[in-house]
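# Report on the structure
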Amino acid sequence: MKHHNCAQSCQGSCECGLCCTKIKNFGVTRSGTEILRDVNLHIHCGDLTAIIGPNGAGKSTLLKAILGEIPHTGELQFLDAKDKGTIRPSMGYVPQKLDLDSSSPTSVLDLFAAAHTKLPIWFTYPKKIRERVRESLARTQGEHLINKRLGALSGGELQRVLLALSLDPIPHILLLDEPVSGIDQKGLELFYKTVSILRENYDLSIILVSHDLNLVAEYADRVAFVNNKTIECVGTPQEVFSNEKVIQTFGLDWSKRNLRVEKDRVANALLV
Amino acid sequence: MHFWYSLVDLLLPFGWLQHAFMKNALLGVLLVTPIFGLLGTMIVNNKMAFFSDSLGHSALTGIAIGVIVGIKNPIWSMLFFSVLITIAILIVKEANTASTDTIIGVFSSTAMALGIVILSRNGGFTKYSVYLIGDLLSISSSDLLTLGIVFVVVIVLWAVIFNKLLLASMNPSLARSRGINVRLYEYLFTMIMAVIVTISIQWVGILIISSLLILPAASSRNIARNMRQYHVYSVLIALISGVSGLVLSYFGGTATGATIVLISAVFFAVTFCMKLRLG
């Protein structure tokens, strides 16, 4: 197999004239243990960048560092397309799960109202909030869920609700932590399709921690492979999935199958 | 206070409300139980029942410290100690060395043992046993003033922090992404809890204080479908249990706090059956 050299290729400034996000020399150390070091990543707006890697490699830690939830070294730069200056980017975040039991009396409307209003939601809601929430939910095909309890939603429905919440207001950077379990394949595909459409409509920079390599291969523009505490390889899905370290980590079977799918796709394209 | 006394005489001309101590106790119940119903919702949401229990237990050491220092009204030493132990629990919890349950258990039993050891020197523990079951009928006018101030402060604080606290309790990273200082709100919440538990312990009693926090919210949770219902039912159940518990304990000559808890427990049983039937 041909060895692709996927060192961080897209370094330097944003010559393309679009807005972009640069993660420079990120490092995270917690209670004396180094979790991440020398993480460099460059993300263009409108790109979906998937972060893959073995369990415990530091993918979720990277997301939390970008969010600013845990302290890190290095810096996060966001360059706006218009004024070319660096601003503090706003972040949308879709967590893997919510910490609540299935009997919790928190409705979807409660969740949005708590995020959007200052008035305590146990006292009253502002009049306009219901309309705003409905509009938000419409972006992810979830209008009908507004009065449901969060605990009564299926895994896929909850993801779409959380996605709608993260997009109100529209952030500069959208961070997605894909659930490891609890969502059926169909729900996951719907989720990816929605994300894909939203990215084009709103020119979002999306960073996605993913465990489903098939969907990554289909929907991601760029893939970053996190291993041994750092990003070992960045590139297009084809480049990264033919990297030897990646193949070793995820097993040869998957890679072969992926290449076969790719070949089929190329063959189909030729036929058309 | 005169206004309250004449108001009660005018509106509620019942025999049991003739005594001033019953009027005081009624006002106390009307001030304390809504707060318990309100705070209880978040305590049940966050699975902090054990924590509120340990706050109650640690009050014993607070009393003991008050005795050693020589303060007449131990409420200040109790407040001081419960805030101290809350901070200690939060700090140890953040170090992430053991499960929260274990940490709270360690602190709670240590504080209780220390309190008992100090108070039982020379075999004099019995005079403090009033703190174990509480005495709502001993509530005085100056206590009611303190309680009134605490009532207003807690309601205002709760109104300001609730939405952010709810988000933080569901997912800290999500709250963080919306610019919420998760730690600040967690600290505020636990401090409010510490203050309200400590203030009311002499009237409700160490042994049952946490049930009074948990039961109304747990009952409401059985039937509520959103946050507003959750709070409204919880406060209503707390109020009804409080007032009817006070009346029943007067006629039965029983401890007021425990009677209130028993009535809340009945509410829990009823709402639980409603939940089973409604599905």
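Look up a bit, the structure's there.
This section reports on the structure supplied with the text. (Residues numbered from 1 in each chain as written. Chains lettered and ligands numbered in written order. Predicted model: local features only at pLDDT ≥ 70, side-chain atom pairs only at ≥ 80, totals over all residues. Heavy atoms only, no water.)

## Section: the packing of helix H2 (residues 108-116) of chain A against helix H3 (residues 129-138) of chain A
Two measures define how a pair of helices packs: the angle their axes make with one another and the distance between the axes. Residue and element names in this part refer to chain A. Where H2 meets H3, the axes come as close as 10 Å, and the angle between the chain directions of the two elements is 105 degrees. Considering the angle they form, H2 stands roughly perpendicular to H3. Note on element contacts: H3 touches H2 through Ile-129, Arg-130, Arg-132, Val-133, Ser-136 and Leu-137, opposite Val-108, Leu-109, Phe-112, Ala-113 and His-116. Among the residues making up the contact of H2 with H3, the classes are represented as seven nonpolar, two polar and two charged. (Axes fitted to C-alpha atoms, helices over the stretch in contact; angles between N-to-C directions. Helix = DSSP H or I, 4+ residues; strand = E, 2+ residues; numbered from the N terminus. Parallel < 35°, antiparallel > 145°, perpendicular 65-115°, else oblique. Contact = heavy atoms within 4.5 Å. Nonpolar A, V, L, I, M, F, W, Y, C, P; charged D, E, K, R; others polar.)

## Considering the side chain of Ser-108 of chain B
Residue and element names in this part refer to chain B. For Ser-108, the position within the fold is in helix H5 (residues 100-119). Assessed through its relative accessible area of 7%, Ser-108 is described here as buried. At 3.4 Å, the side chain of Ser-108 forms a polar contact with the side chain of His-57. When residues no more than four places from it in sequence are discounted, the contact partners of Ser-108 are Ser-54 and His-57. (Buried < 20%, exposed > 50% of the residue type's maximum accessible area, 1.4 Å probe, protein only. Polar contact = N/O pair within 3.5 Å; in protein donor to acceptor, adjacent residues only side chain to side chain.)

## Structural notes on the sheet that holds strand S3 (residues 48-52) of chain A
Residue and element names in this part refer to chain A. If you trace the six strands from one edge of the open sheet to the other, you get S5-S6-S7-S3-S8-S9, paired in mixed fashion. Each edge of the open sheet is held by one strand with a lone partner, namely strand S5 (91-94) and strand S9 (230-235). Here the average twist between neighbouring strands, direction ignored, is 20 degrees. Relative to strand S7 (residues 205-209), strand S6 (residues 173-177) runs parallel, the two being bridged by five bridges. The residue of S7 that forms the bridge with Ile-173 is Ser-205. Across the sheet, helix H1 (residues 59-67) lies against S3, S5, S6, S7 and strand S8 (222-227), angled at about 150 degrees from S6, the strand it touches most. Sheet strands in contact with helix H4 (residues 155-166) are S5 and S6, and its direction is about 170 degrees off that of S5. (Pairing = 2+ DSSP bridges.)

## Quick look at the sheet that holds strand S4 (residues 73-79) of chain A
Through backbone hydrogen bonds, the strands of a sheet pair up, either in parallel or in antiparallel fashion. All names here are of chain A. With respect to topology, three strands assemble into an open sheet ordered S2-S1-S4, the strand pairing being antiparallel. Unpaired on one side and paired on the other, strand S2 (33-44) and S4 mark the two borders of the sheet. Geometrically, the sheet is characterised by an average inter-axis angle of 10 degrees between neighbouring strands, direction not taken into account. H1 contacts strand S1 (20-30), S2 and S4 of the sheet and is inclined by roughly 115 degrees relative to S1.

## A short note on empty space enclosed by the protein
Taking a probe equal in size to a water molecule and rolling it over the atoms shows the remaining empty space. All names here are of chain B. Under the definition given, this model contains four cavities of 30 Å³ or more. Volume-wise, the largest cavity comes out at about 80 Å³. Around the largest cavity, the lining residues are Gly-28, Val-29, Val-32, Thr-33, Leu-136, Ser-200, Trp-203, Val-204, Leu-212, Gly-257 and Ile-260. Among the secondary structure elements, those contributing two or more residues to the lining of the largest cavity are helix H2 (20-45), helix H9 (182-204) and helix H12 (256-278). Along the lines of polarity and charge, the residues of the lining of the largest cavity split into seven nonpolar, four polar and no charged. (1 Å grid on protein atoms, 1.4 Å probe; cavity = no way out; pocket = protein on both sides within 12 Å on 5 of 7 lines; lining within 4 Å. Points joined across faces, edges and corners; volume = space filled by probe spheres on them.)

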